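Structural overview for review
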Amino acid sequence: MCSLGCSMAASRKRKLSKLSVDEFFTSTFDSDSNCDSEGDDSAVEDVGKEKKALQPEVQGKKKEKQKGAAQEHKEQLSRLKEKDPEFFKFLEQNDQKLLNFDDTDSSEDEENQVHTLPEELELASDNEESEEQQPIPKSKKAGDLIPVTVRMVEKWKAEVEDKLTFKQFHHIIMAFKAAVSTTKGEVASEEPGKYKIEDSSVFNALVSFCIRDLFLALQKLLQLKPGGDRKKLLLPSNSPRWSKIRQDISVYLTGLVQLLSSLTEVSVVSAVLRHVLHLVSYYLCFPKHCRLLLKQTINQWSTGEETVRVLAFLILNKICRHKRDVYLNLVLKQMYVAYVKNCKFTSPNVLPLINFMQRTLTEMYALDNQITYQHAFIYIRQLAIHLRNAMTMKKKETYQSVYNWQFIHCLYLWCRMLSTIYPNEVLEPLIYPLTQVIIGCIKLLPTARYYPLRLHCVRALTLLSDCTKTFIPVMPFLLEIFQQVDFNKKPGRMSVRPINFAVILKLSNANLQEKAFRDGLLEQLYDLTLEYFHTQAHTIGFPELALPVFIQLKAFLKECKVANYCKQMRQLLEKLQENSTYITNRRQKATFGVANKEAVALWEKEIKEEGTPLQKYYSSWKKLREKEIALEITGKERLEDLNFPEIKRRKLQESKVKDKKEFRDLFESDSSSDDESSGLKSKGESKKGNEDFLEDLSDMSSEGEEENEDDELSFEDESDDEDGVSLKRSSAARKKLSQADLKALAEGDEDVVEDLEFSDED
């Protein structure tokens, strides 16, 4: 047996040079499976000795292989430096470990680490509850957080009034972070840190303390002193202490933005915005936080209450003035988009907010003319494209893309912008294309239903013409209305309330039949004509400009039969003629020619400073008109002060008794009978009287039908008094009655009285 074991060991020794250590153990256990126990013991001892002897040899071969691989890697890097120097330079800047590796680096330690079995083995369990019961590692347990109390806030407040330290500021900011994390804002908050807020009173006290008292203490802590130049904003990053407090300020600024996105109370939002307005210089040191703040303030500017809108605009304006190159382009784009979104609907309550957005957005455009020209060119061109599609395709969808509030408010915005920034050489080329777009919008559908839209466009053109000193032919669009509308036609519908042309774009077919339509339309024509000629009242060519209007108004006064309409237009004509006579008299005394532009401009400037009769009248009229518009905006309609008569139907029995009594007295016989108490009449005489009454009643009904064919109940003004309204029932408003119905009515039949009603047909 010993000889057999020795021979087997010798044969294995000869094969070791070709086998690795792992293969050796595998082949050994496979070959020894058929041996006896005695041979196994001796073989295991020989194998252990041989394994120890072979380990240095195997490790040496591995080191040689690793050195060869390292040398080859170095050669590859050297070739990379020659072939692609830019990539090699990138590796030097970003991955020095890859280049500066050591030849001795190897995975010897990893390979030499031998897994050792634990002394005690854990038994496998089918119950998975043990895994769930194992504690999950957390940064902070809920029980470890310190609850903030009102007493702690008062203590911090007293310490801040005395002297603020970096440590105290850090604790206050961590508590503020925990308070903000309880809100659900748009900015995602991280873990609250070491504090927690459990009471609303603590939240209010902490936020109020940070907004009111922390800013001044922070200024003292950073030792910031105002510079000599007030226009230049002093950034807190210039302070030598900035690096120590930078992280805490970043957390605080993020919390303020999140607080803004979650608050709903107007007074609280206003207080936070005032605080943020003082911290604009801090936000400018953090571009990411500044972008979040701009997004939130633009939202508040377009949707908030009046005070909130103003504060949000001040923040936007302050940031863009001091970082114009970085934020202005982005802010203008987002503000314009927000403006368009909030102009989709217009009402008397919303109209002042839209006007506020127009004025503030115009002020933002005035910060940089080059950027403004790019934006205005793109958006005016976009409006022109919509108009071109509507004119070429002539479909309902394309018409609706132009005839809507967003399109009209955008036109008015650009008119206001060009009027405010004038004179400006960069933006003056945009006046002509904008005017063409507005005129094309008027001519797209020149029907009576869209007269309100036409009036809005005329008002925008008047503003643009006045402020930019550009002549725009506005009056033809107003004089055309006098020719298209028949103001003598009697209304076909009852007017419930006056039409507010300031908040509508089109009229319905029913509105066109109302008396309020003609009243409101003539009032708008009066206003717009007066406004336009007020802007031209001082010009040297005013008499020639007003001549077509004189002709049209005189023709209107000859044809119109409504007293109130004639009264308004006659007053307008007199004021225009008075101003024309004044300009003609002053022009006759001039000593220069028309070709002398400088002398003409100087003469017009002198006339404007002195004041013309039309300008003086317009100033007094404007004050009254603004008061009237303010009442309409606040919801106090003019019709509320009028006392309309109530139409009440008498009770059936009362009307029957009264009618019988009236007819008995009316058709009393002429007999010589003196018995008045009996009230008896002969049948022949009564029948004859009824027939005479029926003939007269039928004649009256036929005459009424010839006068008016509308079966409506209408309001008419018979006197010149504005408050006096008389209610007439037109003869055509009655139902046509047959001879049998008239006869029954004369006899007091109940059924006919019940069927007699007012019809309301379109």
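The paragraphs below set out a description of the structure included in this document. (Residues numbered from 1 in each chain as written. Predicted model: local features only at pLDDT ≥ 70, side-chain atom pairs only at ≥ 80, totals over all residues. Heavy atoms only, no water.)

In this structure, Ile249, Tyr282, Trp301, Met364, Trp414 and Leu521 are the most contacted members of the largest nonpolar core, which totals 170 residues. Ranked by residue count, the leading element in this core is helix H21 (residues 405-421), at twelve residues. (Core = buried A, V, L, I, M, F, W, Y, C linked by side-chain atoms within 4.5 Å. Buried < 20%, exposed > 50% of the residue type's maximum accessible area, 1.4 Å probe, protein only. Helix = DSSP H or I, 4+ residues; strand = E, 2+ residues; numbered from the N terminus.)

A full pass over the atoms with the stated rule returns nine salt bridges. Here Glu531 ties to Lys622 by a salt bridge, and the two come within 3.7 Å at their closest N and O atoms. Taken together, the residues span a long stretch of sequence, with Glu531 in helix H26 (residues 515-535) and Lys622 in helix H30 (residues 613-633) at a distance of 91 residues. Glu531 gets classed as buried once you look at its relative accessible area, which sits at 14%. Connected through salt bridges with shared partners, the residues Glu523, Asp527 and Arg625 form a single ionic network. (Salt bridge = Lys/Arg side-chain N within 4 Å of Asp/Glu carboxyl O.)

Contact pair H21 / helix H23 (residues 451-468): the axes reach a minimum separation of 8 Å and the direction vectors enclose 10°. Put simply, H21 runs roughly parallel to H23. Contact residues: H21 offers Trp405, Ile408, Tyr412, Cys415, Arg416, Leu418 and Ser419, while H23 offers Leu453, His456, Cys457, Arg459, Ala460, Leu463, Leu464, Cys467 and Thr468. (Axes fitted to C-alpha atoms, helices over the stretch in contact; angles between N-to-C directions. Parallel < 35°, antiparallel > 145°, perpendicular 65-115°, else oblique. Contact = heavy atoms within 4.5 Å.)

Our focus in this paragraph is helix H9 (residues 166-181). With 16 residues, H9 extends 22 Å from end C-alpha to end C-alpha; this agrees with the ideal 22 Å at 1.5 Å per step. Here H9 lies mainly inside the structure; twelve of its 16 residues are buried. Residues of H9 that are buried: Gln168, Phe169, His171, Ile172, Ile173, Met174, Ala175, Phe176, Lys177, Ala178, Ala179 and Val180. Structurally, H9 contributes buried residues whose contacts are with helix H8 (150-162), strand S2 (195-196), helix H10 (200-212), helix H11 (214-222) and helix H12 (242-262). (Expected span 1.5 Å × (residues − 1).)

Now for the side chain of His456. Along the chain, the position of His456 falls in helix H23. Among the residues examined, His456 registers a relative accessible area of 12% and is labelled buried. From its side chain, His456 meets the backbone oxygen of Ile504 in a polar contact 3.3 Å long. Residues within four places of His456 in sequence aside, it is in contact with Trp405, Ile408, Phe501, Ala502, Ile504 and Leu505. (Polar contact = N/O pair within 3.5 Å; in protein donor to acceptor, adjacent residues only side chain to side chain.)

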